Amino acid sequence: MKKVFVFALLFIIFTSCKSSSAAVVKNESKRENKNRVKHLIDTATDNLGVRYKAGGTTKSGYDCSGLVFTTFQTENITMPRSSYEQSKIGKVIPFYDAQKGDLIFFKTNKSRQINHVGLITEKTGSEIKFIHSSTSKGVIISSTKEPYYQNSFVQINRVIE
């Protein structure tokens with residue numbers, strides 16, 4: 001428990017810096033990380049159907065980065081509040097290496113910078129499913145097979161190793 005607290009403190013310090021280096025949560029065991037990822041996905045999916053609310057971080061409404069921010073808080077992982085800033089956390093990995101619990105980022109509506117984030121819930125072959133808060137449908141699970149997300153995909157970040 002003491003190691004986890006120290007690590008969480010170090011993680012907060014690293015993510016608070018305005019450094020371009022990526023912070024990745026590495027814990028004692030793969031089993032512990034697998035449990036953390038399961039908890040993150042369970043927490044996020046408990047919000048399926050919650051409406052979209054710009055700036056929202058509660059059950060009364062979430063925006064995409066608010067859902068990620070709040071979900072990671074349940075594991076004592078402090079994330080930045082915007083999807084663009086969240087895209088700087090962790091390690092960027094190739095699409096084919098994506099796993100449950102990784103973050104997936106998009107540039108939607110012809111944006112010049114990352115403006116949308118989701119939490120990967122499943123990977124099957126070349127398809128990734130992710131939970132996110134959509135402006136039109138609220139918290140839903142979507143797929144990278146959908147043309148909208150195929151065309152706006154930017155990167156995947158691993159925050160928990």
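Above this text is the structure in question.
Everything numeric in this text was worked out from a predicted model, so none of it was measured.

A. Summary view of the packing of aromatic side chains. Applying the stated criterion across every chain yields a total of six aromatic pairs. Both rings, one in F130 and one in Y149, keep their centres 5.1 Å apart while their planes meet at 85°; by these two values the pair is edge-to-face. Here the residue F130 occupies a position in strand β6 (residues 127–134), and Y149 occupies one in helix α5 (residues 147–152), the gap between them amounting to 19 residues. Accessibility expressed as a relative area gives 8% for Y149, which makes it buried. Seen in terms of ring centroids, Y148 and Y149 are 5.0 Å apart; in terms of plane orientation they differ by 90°. Their pairing is edge-to-face. Y148 gets classed as partly exposed once you look at its relative accessible area, which sits at 40%.

B. Inspection of the sheet that holds strand β8 (residues 153–158) at higher detail. Within the open sheet, the six strands sit side by side as β3-β8-β4-β5-β6-β7. Their pairing is antiparallel. At either margin of the open sheet sits one strand with a lone partner, and together these are β3 (91–93) and β7 (138–143). Each neighbouring strand pair of the sheet contributes to a mean axis angle of 35°, computed without reference to strand direction. Docked against the sheet, helix α3 (residues 64–73) engages β4 (103–106), β5 (116–124), β6 and β7, running at close to 65° with respect to β5.

C. Broad picture of unusual backbone geometry. Located in the positive-phi region is N76, a residue other than glycine, with phi close to 60°. Relative to the elements of secondary structure, N76 occurs in the loop between α3 and α4 (83–86). A relative accessible area of 58% places N76 in the exposed class. Look at K110: it is not a glycine, yet its phi comes out positive at around 60°. Secondary-structure assignment places K110 in the loop between β4 and β5. Of the residues examined, K110 reaches a relative accessible area of 82% and is grouped as exposed.

Rules behind the numbers
- Residues numbered from 1 in each chain as written.
- Predicted model: local features only at pLDDT ≥ 70, side-chain atom pairs only at ≥ 80, totals over all residues.
- Heavy atoms only, no water.
- Phe/Tyr/Trp six-rings, centres within 6.5 Å; stacked < 30°, edge-to-face > 60°.
- Helix = DSSP H or I, 4+ residues; strand = E, 2+ residues; numbered from the N terminus.
- Buried < 20%, exposed > 50% of the residue type's maximum accessible area, 1.4 Å probe, protein only.
- Pairing = 2+ DSSP bridges.
- Axes fitted to C-alpha atoms, helices over the stretch in contact; angles between N-to-C directions.
- Contact = heavy atoms within 4.5 Å.

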